[in-house]
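Structural characterization, general
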Amino acid sequence: MSLPTPTLHTARLRLRPFDDADANDLFALHSSAYVLRYWDAPPWSDRGRAERFITTCRQMAEEGTGARLAVDRVSDGAFIGWSSLNRWNPDYRSASLGYCFDDAAWGHGYATEAARALLRWAFDTLDLNRVQAETDTRNVASARVLEKLGFVREGTLREDCVVNGEVSDSWVYGLIRREWRPSAEPVPAR
């Protein structure tokens, strides 16, 4: 069963399917050691990785396992990152959220805005009950994004990744449908 990748709009962003023209911007994003310092894979050194990433995005849509969307800033059309919902399981009504943004876009609320739009689409379209996300315990900014969206930290995966040769822990976050607040209003502290 395919899952057509949507195009979503927010006040400042456009989320859209990747196309071949995104390969250079995607490579620049994923070749940055600074951007990927908490990532569980090394920065890209081969531009072909970007082309394979885009092919994988299309396969996810064709296989119905998720949607990965490029994120452009509306004001200037610049590609600033991506957001994804993958590992969609219609039987369990669950999926996983992920995102990666260029460091020049950090601190402006873009990751939260993009993820909120994607979650709104996912809860409405896919009838999800649960969305899960994981982040390196050192990545406090990513944890803040998840918490602003209403995710609850559910636990720690101890030494589950090796990041830049260093063993690393990850936090597991979950968002349950009944706790989802689609508006931009702050979620009450728990």
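Rules used throughout
Residues numbered from 1 in each chain as written. Predicted model: local features only at pLDDT ≥ 70, side-chain atom pairs only at ≥ 80, totals over all residues. Heavy atoms only, no water. Helix = DSSP H or I, 4+ residues; strand = E, 2+ residues; numbered from the N terminus. Rg over C-alpha atoms; globule rule 2.2 N^0.38 Å. Buried < 20%, exposed > 50% of the residue type's maximum accessible area, 1.4 Å probe, protein only. Contact = heavy atoms within 4.5 Å. Areas by Shrake-Rupley, 256 points an atom, 1.4 Å probe, with all protein chains shown as cover. Pairing = 2+ DSSP bridges. Salt bridge = Lys/Arg side-chain N within 4 Å of Asp/Glu carboxyl O. Arc of directions from axis to C-beta. Polar contact = N/O pair within 3.5 Å; in protein donor to acceptor, adjacent residues only side chain to side chain. UniProt positions renumbered as here; feature names shortened; annotations may be inferred. Disulfide = S-S within 2.5 Å.

Focus: the overall build of the protein chain
Scanning the protein chain for helices and strands turns up 4 helices and 8 strands. Counting helices and strands in the order they occur from the N terminus, the protein chain gives β-β-α-α-β-β-β-α-β-α-β-β. A globule of 190 residues ought to have a C-alpha radius of gyration of about 16 Å, and the protein chain, at 16 Å, matches this closely. Counting only residues that meet the buried cut, the protein chain has 46% of its 190 residues in that class. In the protein chain, 61% of the contacts between residues at least 6 apart in sequence involve partners at least 24 apart. When the accessible area of the protein chain is evaluated, it comes to approximately 9,800 Å², of which 48% is carbon and sulfur surface.

Points about the pairing of strand 3 (residues 67-73)
In terms of residue burial, strand 3 counts as a mostly covered element, since 6 of its 7 residues are buried. Note that strand 2 (residues 13-17) and strand 3 share 5 bridges and pair antiparallel. Across the sheet, the residue bridging to Leu15 is Val71, located in strand 3. In terms of strand pairing, strand 3 meets strand 4 (residues 79-89) through 6 bridges, oriented antiparallel.

What to know about the pattern of salt bridges
Per the counting criterion, the structure on display carries 15 salt bridges. We note a salt bridge from Asp22 to Arg16, for which the minimum N-O separation is 2.7 Å. With respect to burial, Asp22 and Arg16 carry one shared label: buried. Overlapping salt bridges, with partners in common, bring together Arg14, Arg16, Asp19, Asp22 and Asp72 in one network.

As for helix 1 (residues 23-30)
Taken residue by residue, helix 1 has Ala23, Leu26, Leu29 and His30 as its buried positions. Taken down its axis, helix 1 places every buried residue within 125° of arc, on the same side. Packing partners of the buried residues in helix 1 comprise helix 2 (48-63), strand 4 and strand 5 (94-101).

Quick notes on the side chain of Thr135
Within the element layout of this structure, Thr135 appears in strand 6 (residues 130-136). For Thr135, a relative accessible area of 5% puts it in the buried group. Side chain to side chain, Thr135 and Ser142 meet in a polar contact 3.3 Å long. Excluding residues that lie within four positions of it along the chain, Thr135 makes contacts with Ser142, Ala143, Leu146, Asp169, Ser170, Trp171 and Tyr173.

Side note on the UniProt feature "domain: N-acetyltransferase" (unreviewed entry) in the protein chain
The sites that UniProt annotates as "domain: N-acetyltransferase" (unreviewed entry) are residues 13-178. As annotated, residues 13-178 has a helix share of 30% and a strand share of 37%, and its two end C-alpha atoms lie 26 Å apart.

Re the state of the cysteines
Inspection of the entire model under this criterion finds 0 disulfides. Cys57 provides the cysteine sulfur closest to Cys100, a residue in no disulfide bond, and the two sulfurs are 12 Å apart. Unpaired in terms of disulfides, Cys161 finds its nearest cysteine sulfur in Cys100, a separation of 15 Å.

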